[in-house]
Amino acid sequence: MRTGDVLERHPLPENLLPAHAADGTRVVYRGVGYDGAWRAVSGSVFVPFGSAPPSGWPVVSYAHGTTGLADHCAPSRAGLTRHERDHVGRWLAAGYAVAATDYEGLATPGPHPYFHGEAVADDVIDIVRAARHLHDRVGRTWLVVGFSQGAHAALFTALMATRYAPELDFRGTVALAPPVNLPTLVRFLTAAGGRPVSLLLPFLLAGVRVAHPDVDARVFLTATGRDLVELATRATLVEMYRATRGLTNDDAGLTDVHHRPGMAAILEACRVPVTRMDRPVYVTAGTADDIVPAEVVASFVTELRYAGADVIFDRHDGANHVDLLAAGLDAIIDWATRIVRARTGFDWFDADHDGELTGDDLAVYALRLAQACGAPPGSLAARAVRAGYAALWQAIANSADMNTDGSVDRTEFLHHVETGDGFEREIAALADAVLHMAQSSESVSATDIESAVRDPGRTDHWLFGRL
């Protein structure tokens, strides 16, 4: 068996379905635990009303915010919170299937590694695989959307999605109120002794014991603080909200908790690494958010952009933590739909849109290009372009057609493009032939053409017959 394989499936009761869900399924699927062992992971899969497009419904893998650490807090059992259910319903209304993992250890055997982004990112990805096993109308194009704890998981997902599941077509990340830099965030939340206890902290201190059993925060907390951490192991979010009401950091012994023995290393391990993401990212924050302050998120976005990531950042004035599930959602869905509909180099080559490349696909483009440029079929220019496309197909087939069936699927093609050192060399002859025939494009180089193949959304599409 492989990760994402379905182990169990059960219809969800109607009261757990978001608006616009035609069907809802509680699924248990095969995953990998934080310790590397195979584990069962549960979650929910929803599909929208109406007919799916030919390529199937695009998928939102939804990573939920903190619900609690106990099994009965898992959304596939208790349901998503009202605000999250409304949020998911908007994606369904927009024509997306939604796959929402519970994360490992929630409603399945084993502990839940709270804020262990690397451990739960594969859960977020594998439920997309499970959704495709459940419904043949679910497509391979997907994006990850996460809120709060789930936004932290979504950003870790973004770091590994394209390599972890190359057979899927990952397009981007939406991170709503992401607690990105745990060292900075915890310093911010606990620097003042009179500041109200953040809901995040008892869950964090209870959850880190899974991955760091040698650190027990209870030894430096007050009796009140120890009670909160113990309660966090079994309480729902609402119960924890009631328990922390009126308490300060001093009351719980949480003031400057990041200075306590062992805590700095734990918080650093929870931090989202800053790097150039290989897909676009949309991040939001609220100026009235007292759980994940906008200043912390804004600093992270600045670092991401400096690293070269393609990031949109929406700071919503007056929005608190929960408000961010609805704030600017129309714009987010519009953005997501644009990147989902954007075609890749594979799509441009796949002339008949059957999901497989063959020599005929490239021959069609040679014909279209010659016709568009007015080159007679028997001319030297047209013959050179046909030969260039044929040579390119042969090079792709030789390298990427692993099962020698005469065709190359998306996964094989992308692996060839992204890992083949000779890709530019392979299209050099084609580039020369095309440039000779397309006199209007004399300024386009072989490097430009290679870029058009690798990422056609950022360059002209004349190479692919759109003349």
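Residues numbered from 1 in each chain as written. Predicted model: local features only at pLDDT ≥ 70, side-chain atom pairs only at ≥ 80, totals over all residues. Heavy atoms only, no water.

1. Considerations on the overall build of the protein chain
Step number 1: A count of helical and extended segments in the protein chain gives 19 helices and eleven strands.
Step number 2: For the protein chain, the proportion of its 467 residues judged to be buried stands at 55%.
Step number 3: For the protein chain, contacts bridging at least 24 residues in sequence account for 73% of all contacts bridging at least 6.
Step number 4: Total accessible area on the protein chain is roughly 19400 Å²; 50% of this is exposed by carbon and sulfur atoms. (Helix = DSSP H or I, 4+ residues; strand = E, 2+ residues; numbered from the N terminus. Buried < 20%, exposed > 50% of the residue type's maximum accessible area, 1.4 Å probe, protein only. Contact = heavy atoms within 4.5 Å. Areas by Shrake-Rupley, 256 points an atom, 1.4 Å probe, with all protein chains shown as cover.)

2. Quick look at the packing of helix 3 (residues 117–134) against helix 4 (residues 149–164)
Step number 1: Axis separation between helix 3 and helix 4 bottoms out at 8 Å; the angle between their running directions is 65°. Every pair of crossing elements has a handedness; the one defined by helix 3 and helix 4 is right-handed. For the pair formed by helix 3 and helix 4, the contact residues are Gly 117, Glu 118, Val 120, Ala 121, Asp 122, Val 124, Ile 125, Asp 126 and Arg 129 on the first element and His 152, Ala 153, Phe 156, Thr 157, Met 160, Ala 161 and Tyr 164 on the second.
Step number 2: A class-by-class count of the residues in the contact of helix 3 with helix 4 yields nine nonpolar, three polar and four charged. (Axes fitted to C-alpha atoms, helices over the stretch in contact; angles between N-to-C directions. Left-handed = near helix turned anticlockwise from the far one by under 90°. Nonpolar A, V, L, I, M, F, W, Y, C, P; charged D, E, K, R; others polar.)

3. What about the sheet that holds strand 4 (residues 57–63)?
Step number 1: In space, the nine strands of this open sheet follow the order 1-2-3-5-4-6-7-8-9, with mixed pairing throughout. Only two strands of the sheet have a single partner each, and these edge strands are strand 1 (6–11) and strand 9 (311–316). Sheet twist, expressed as the mean angle between neighbouring strand axes with direction ignored, is 20°.
Step number 2: Pairing analysis gives four bridges linking strand 7 (residues 169–176) to strand 8 (residues 281–286), with the strands arranged parallel. Considered in strand 8, the bridge of Leu 176 is made with Thr 284.
Step number 3: Relative to the sheet, helix 12 (residues 329–341) contacts strand 4, strand 6 (138–147), strand 7, strand 8 and strand 9, its axis offset from that of strand 7 by approximately 165°. (Pairing = 2+ DSSP bridges.)

4. Side note on the packing of helix 5 (residues 182–190) against helix 10 (residues 263–270)
Step number 1: Contact pair helix 5 / helix 10: the axes reach a minimum separation of 7 Å and the direction vectors enclose 125°. In terms of orientation, helix 5 lies oblique with respect to helix 10. On the side of helix 5, the interface is formed by Leu 182, Pro 183 and Val 186, while helix 10 contributes Leu 267, Glu 268 and Cys 270.
Step number 2: Considering only residue class, the contact of helix 5 with helix 10 consists of five nonpolar, no polar and one charged. (Parallel < 35°, antiparallel > 145°, perpendicular 65-115°, else oblique.)

5. Structural notes on the environment of Asp 361
Step number 1: By the element assignment, Asp 361 lies in helix 14 (residues 359–372).
Step number 2: In this structure, the C-alpha to C-alpha distance between Asp 361 and Trp 348, residues 13 residues apart in sequence, is 9.6 Å.
Step number 3: Of the polar contacts made by the side chain of Asp 361, one reaches the backbone nitrogen of Thr 358; its length is 3.0 Å. (Polar contact = N/O pair within 3.5 Å; in protein donor to acceptor, adjacent residues only side chain to side chain.)

6. Quick look at the pattern of salt bridges
Step number 1: For the structure shown, the criterion picks out eight salt bridges.
Step number 2: Put simply, Arg 171 and Asp 169 hold a salt bridge, and the shortest N to O gap is 2.7 Å.
Step number 3: Here Asp 169 falls in the buried class, since its relative accessible area comes to 5%.
Step number 4: Linking Glu 268 and Arg 271 is a salt bridge whose minimum nitrogen-to-oxygen distance equals 2.9 Å.
Step number 5: When salt bridges that share partners are traced, they join Asp 126, Arg 129 and Glu 167 into one network. (Salt bridge = Lys/Arg side-chain N within 4 Å of Asp/Glu carboxyl O.)

7. Section: the packing of aromatic side chains
Step number 1: For the structure shown, the criterion picks out five aromatic pairs.
Step number 2: Each ring, one from Tyr 114 and one from Phe 203, has its centre 6.2 Å from the other, and the planes form 50°; the classification is tilted. Remark: Phe 203 occurs in helix 6 (residues 200–211) and Tyr 114 occurs in the loop between strand 5 (97–101) and helix 3; sequence separation between them is 89 residues.
Step number 3: Judged by its relative accessible area of 3%, Tyr 114 is buried.
Step number 4: Of the residues examined, Phe 203 reaches a relative accessible area of 1% and is grouped as buried. (Phe/Tyr/Trp six-rings, centres within 6.5 Å; stacked < 30°, edge-to-face > 60°.)

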